[in-house]
Structure formats: C-alpha cells, structure tokens
Amino acid sequence: MIRRLIILISCAGRLVGQESSIEKGWVVVETVPRGADVYIDSQFCGKTPIERFTLAAGKHVVCAFVPSLASWNGFSKTDTITIVANQETKLKWELGALVVINSIPSGSSIQFDGRPLGVTPFVLRTSEALKGEMLVQKEGFQAARLEIDDTRSLHVVLLKPLNGQNENLSPDVLGPITNGETSGQWIHYVAGATMIASGFFAAYFKEQANTNFREYQSSQDPARLDATGKFDRLSGFSFTLMQFSFGVLAYKLLLE
C-alpha cells in the first residue's frame, strides 16, 4: 500500500513538472461589434473582448460568432494563429454589418457615399463594418440623410413631401387628413394590429429557425437546414412588415 502511494505521488509530481514546463502565451480578441462568442480549438472561451487568454505555445484555431453561434443569420470569422511563448497575440476583427431601412413612401432610392444601392424596403448585409452616410430620396419628397455608425441597425424614414406637392402624392403615400374628420382612423387600427401580429410571428418563426438549426447541428439532417432557412426568411419578412406598420402608424400620428 505504501509502495503504491509512493508511485502515485511520483507520477503526480511528474505530471505537475510536465505541466509547468509547457511554454505558454496569451491571446487578446476584440471584435466589432462587441459581445461575440469566441471559441478556441472548439472550446468556448467567452464573449469579446477577451483579455489575455492563456494558451500553450503553437498553433490554435480561433472562431468568433456574433451575436452567437446559434444565430442562423449571424456573422462569423475563423483564423489560425501561432502563439509564441511569453508573448501576447492580438486579434481585432470586424464581423460584418446588417442595415435595414424602411421608408414612407416605399420605393425610395438608397445611396451610400454617392453609390446607388437599391430601393426601400432595403436590407444590406456586408462582411465588413459599415460607417458613412446614406441618402434616402424619392421624386416629390425631401431627401433624408442617415448616418450609419452601427453594425446592426434598423431605420424607418418618413419622407416629407415638397411644398405644393400634396396633391400629387403617389398612391402608396398616406396623405394628411385635411377635413378634420375621423374617417381615416381605421388606418391606425390596421397598422397597430398588423404591427403586433407581425411582431409575434417574427419572434415565433425565429424561434422555429433556431430550434431547427440546433437539431441540424446534432443530426446533420439537410431537411433541418432547409427548414431553418425557410423559417428564417419568414421571420425576416414578418419583422420587415412590423417595421413598415410602425412607420405607417408613426407617420399618421405625426400628420395629426
């Protein structure tokens, strides 16, 4: 018994000695935006910013996901780094941008730094951070300028008609109530009900997408991946409809 105890103590001493002899360094991970999930060699290490995480010297695979690994429509970046003993390696990554713009009236053109991008309702997804000025404009309305300085932002733009243009509003624009009557109140109720219902379905479809994606991760069933994409598209459509309904409601209330 004593002999076995001596052997165990001896082995433990060797393991401690081997552990202490491993050369180590550190890694610092920063992302734009902050709060990304970081995995190093498939091990979750926390959310950014990661300060001086200790690693054995050598090569390691670093992955970052924003807003999280389970987010189907998130952004990610992966790279292999080499840790040098007693040295600090810094990583600063831009993990992409998602900008959604709705306008009243719809069909307004979008320009970014002088380059045409499309028309509203507009969704822009890029692999790099996005900063600058966007111009939203439509004939017969005053142009609006948006300063984009966030990587994930939603905007509802209410374009004001030019002077003397009220009689020439396009059919998809809600004109002001000029007769003082309440005949247009039904628009408030429809917009409010649509906003509530579409918000509920956006959350429901998103949860279904996340559930199917988690099942795909465990089973690798392509059908689950297809279902994830379908529910994610439905969620995006419902969310856009919710934002549009909010814009209509806000526009009517401001006119009154």
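Residues numbered from 1 in each chain as written. Predicted model: local features only at pLDDT ≥ 70, side-chain atom pairs only at ≥ 80, totals over all residues. Heavy atoms only, no water.

Q: Just checking my understanding: could you explain the packing of aromatic side chains for this structure?
A: Within the structure shown, the criterion is met by six aromatic pairs. Consider the rings of Tyr39 and Phe65, whose centres lie 5.9 Å apart with planes at 80°: the pair is edge-to-face. Placement of the pair is Tyr39 in strand β2 (residues 37-40) and Phe65 in strand β5 (residues 58-66), with a sequence separation of 26 residues. No difference in accessibility class separates Tyr39 from Phe65, as the two residues are buried. For the ring pair Phe201 and Phe205, a centre distance of 5.9 Å and an interplane angle of 25° mean the geometry is stacked. Pair noted here: Phe201 and Phe205 are both in helix α2 (residues 185-219), with a separation of four residues, about one helical turn. The exposure class assigned to Phe201 is partly exposed, which follows from its relative accessible area of 39%. Grouped by ring-pair contacts, the aromatic residues Phe201, Tyr204, Phe205 and Phe231 constitute a single cluster. One residue, Arg52, lies across the ring of Trp26, its end atom 4.2 Å from the ring centre. Directly above the aromatic system of Phe75 lies the positively charged group of Arg125, at a separation of 4.3 Å from the ring centroid. (Phe/Tyr/Trp six-rings, centres within 6.5 Å; stacked < 30°, edge-to-face > 60°. Helix = DSSP H or I, 4+ residues; strand = E, 2+ residues; numbered from the N terminus. Buried < 20%, exposed > 50% of the residue type's maximum accessible area, 1.4 Å probe, protein only. Lys NZ or Arg CZ within 6 Å of the ring centre and 35° of its normal.)

Q: Quick question: what am I supposed to make of the sheet that holds strand β1 (residues 24-32) here?
A: Two modes of strand pairing occur in sheets, parallel and antiparallel, and in both the strands are linked by backbone hydrogen bonds. Spatially, three strands are ordered β4-β1-β7 in an open sheet, and the strand pairing comes out mixed. Of all the strands in the sheet, just β4 (50-56) and β7 (88-94) have a single pairing partner and so form its edges. Here the average twist between neighbouring strands, direction ignored, is 25°. Of the pairings in the sheet, the one linking β1 to β4 comprises five bridges and is antiparallel in character. Bridged to Gly25 within β4 is Leu55. (Pairing = 2+ DSSP bridges. Axes fitted to C-alpha atoms, helices over the stretch in contact; angles between N-to-C directions.)

Q: Explain the environment of Ser76 to me, please; I cannot follow it from the model alone.
A: Position of Ser76 among the secondary structure elements: in strand β6 (residues 75-83). Here the alpha-carbon distance between Ser76 and Asp37, two residues 39 residues apart in the chain, equals 9.3 Å. Not counting the four nearest positions on each side in its chain, Ser76 is found in contact with Ala64, Phe65 and Leu95. (Contact = heavy atoms within 4.5 Å.)

Q: Looking at this model, I keep getting lost on the pattern of salt bridges. Mind explaining?
A: Per the counting criterion, the structure on display carries six salt bridges. Here Arg52 ties to Glu88 by a salt bridge, and the two come within 2.8 Å at their closest N and O atoms. Remark: Glu88 occurs in strand β7 and Arg52 occurs in strand β4; sequence separation between them is 36 residues. With relative accessibility at 41%, the residue Arg52 sits in the partly exposed group. Residue Glu88 is classed as partly exposed on the basis of its relative accessible area, which comes to 33%. A salt bridge links Arg145 to Glu133, with the shortest nitrogen-to-oxygen separation between them at 2.9 Å. (Salt bridge = Lys/Arg side-chain N within 4 Å of Asp/Glu carboxyl O.)

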